[in-house]
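Structural overview
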Amino acid sequence: MKAERPLRVIFFKTDSGNEPVRDWLKGLSKEDCKVIGTDILSVQYAWPVRKPLVDNLGDGIWEVRSRLDNRIARTLFVVANQEIVLLHGFIKKQQKAPADELDLAKKRKKQYLQNL
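Read on for an overview of the structure. In this text the structure is predicted, and so the values were computed from the model without any measurement.

Here helix H3 (residues 99-114) is 16 residues long and its end C-alpha atoms lie 22 Å apart, about the 22 Å a rise of 1.5 Å per residue gives. Residues of H3 that are buried: Glu101, Leu102, Ala105, Arg108, Lys109, Gln111 and Tyr112.

Listed below in C-alpha cells is the structure:
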C-alpha cells in the first residue's frame, strides 16, 4: 500500500513535554535550519528515500543526512502510522554515527511506540 503524500512530520515529545529535535533546531542558525527543513520536506513528500539523502541505521531508525556549510547534520527518525517522527538531531563529528546518538534514538522510538 502506497503512503499518502505528504507524510505528516511530528516531533518526538518527552514525558515532560520537551521536543528535543525542535529544541536542537532552535539552537542552530536560520540558514542551517532551512537546509535541514528542506531535506526533511523532501523525505516527507518522496518517502521512501535512499542515499545520499537518507540512510537506514537499522532497527527501524533512519537518518536524514544534511550538508551544512562546514559540517554535517543528522536528523534521526522513524516512520510509523504514516508519520515521520523526528527522534533526535545532532551535528556529526566523526565518520560513523556515534553509538550513544543511535541508542538515544532507539530509546525514544521505543517510548514513542509504547505511547501510541
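Applying the stated rule across the entire model yields eight salt bridges. Of the charged contacts, one joins Glu63 and Arg65 as a salt bridge, the two residues approaching to 3.7 Å between their closest N and O atoms. You can call Glu63 buried: its relative accessible area is 4%. When its relative accessible area of 24% is taken as the criterion, Arg65 is described as partly exposed.

This part is about the sheet that holds strand S2 (residues 54-58). If you trace the five strands from one edge of the open sheet to the other, you get S1-S5-S4-S3-S2, paired in mixed fashion. The open sheet has two edge strands, strand S1 (8-11) and S2, and neither has a second partner. Direction aside, the axes of adjacent strands within the sheet are offset by 35° on average. Across the sheet, helix H2 (residues 30-46) is in contact with S1, S2, strand S3 (61-67), strand S4 (72-80) and strand S5 (83-92); its angle to S3 comes to roughly 135°.

Okay, unusual backbone geometry next. One can expect most non-glycine residues to show negative phi and most peptide bonds to be in trans. Here the bond from Trp47 into Pro48 is cis, since omega is 0°, no more than 30 degrees from zero. Here Pro48 is to be found in the loop between H2 and S2.

Another aspect to go through is the nonpolar core. The biggest cluster of nonpolar side chains holds 20 residues, and the ones touching the most others in it are Trp24, Ile36, Val43, Trp47, Val54 and Phe77. When residues of this core are traced back to their parent elements, those giving at least two are helix H1 (20-26), H2, S3, S4 and S5. When near neighbours in sequence (up to four residues on either side) are disregarded, Trp47 contacts Arg5, Leu7, Val54, Trp62, Phe77 and Val79. Ranked by size, the runner-up nonpolar core spans twelve residues in total, among them Ile10, Phe12, Ala80 and Leu87.

For the rest of this paragraph, the subject is the environment of Leu53. With respect to the helices and strands, the residue Leu53 is situated in the loop between H2 and S2. Taking the relative accessible area as the measure of exposure, Leu53 reaches 18% and is therefore buried. Each C-alpha atom of the pair Leu53 and Leu28 lies 20 Å from the other, and the pair is 25 residues apart in sequence.

The rules behind these values
- Position numbers for residues start from 1 in each chain and track the written sequence from start to end.
- Per-residue local features of the predicted model are confined to residues with pLDDT of at least 70, and side-chain atom pairs are confined, for both listing and counting, to 80 or more; whole-chain, interface and lining totals are unaffected and use all residues.
- To obtain the side-chain values, all non-hydrogen atoms of the structure were included, while hydrogens and water were left out.
- Every helix listed is a DSSP run of H or I at least four residues long, and every strand listed is a run of E at least two residues long, numbered separately from the N terminus.
- To estimate how far a helix should reach, multiply one less than its number of residues by 1.5 Å.
- Per-residue accessibility, obtained with a 1.4 Å probe over protein chains only, is compared with the maximum for each type, and a residue is labelled buried under 20%, exposed over 50%, and partly exposed between these values.
- For salt bridges, the criterion is a side-chain nitrogen of Lys or Arg within 4 Å of an Asp or Glu carboxyl oxygen.
- Strands are treated as partners if at least two bridges between them are detected by DSSP.
- In this analysis, axes come from line fits to C-alpha atoms, helices being fitted only over the stretch in contact, and the angle between any two N-to-C directions falls in the range 0 to 180 degrees.
- In what follows, residue pairs with any heavy atoms lying within 4.5 Å of each other are defined as contacts.
- Only buried Ala, Val, Leu, Ile, Met, Phe, Trp, Tyr and Cys residues count toward a nonpolar core, and they belong to the same one when joined by side-chain atoms within 4.5 Å.

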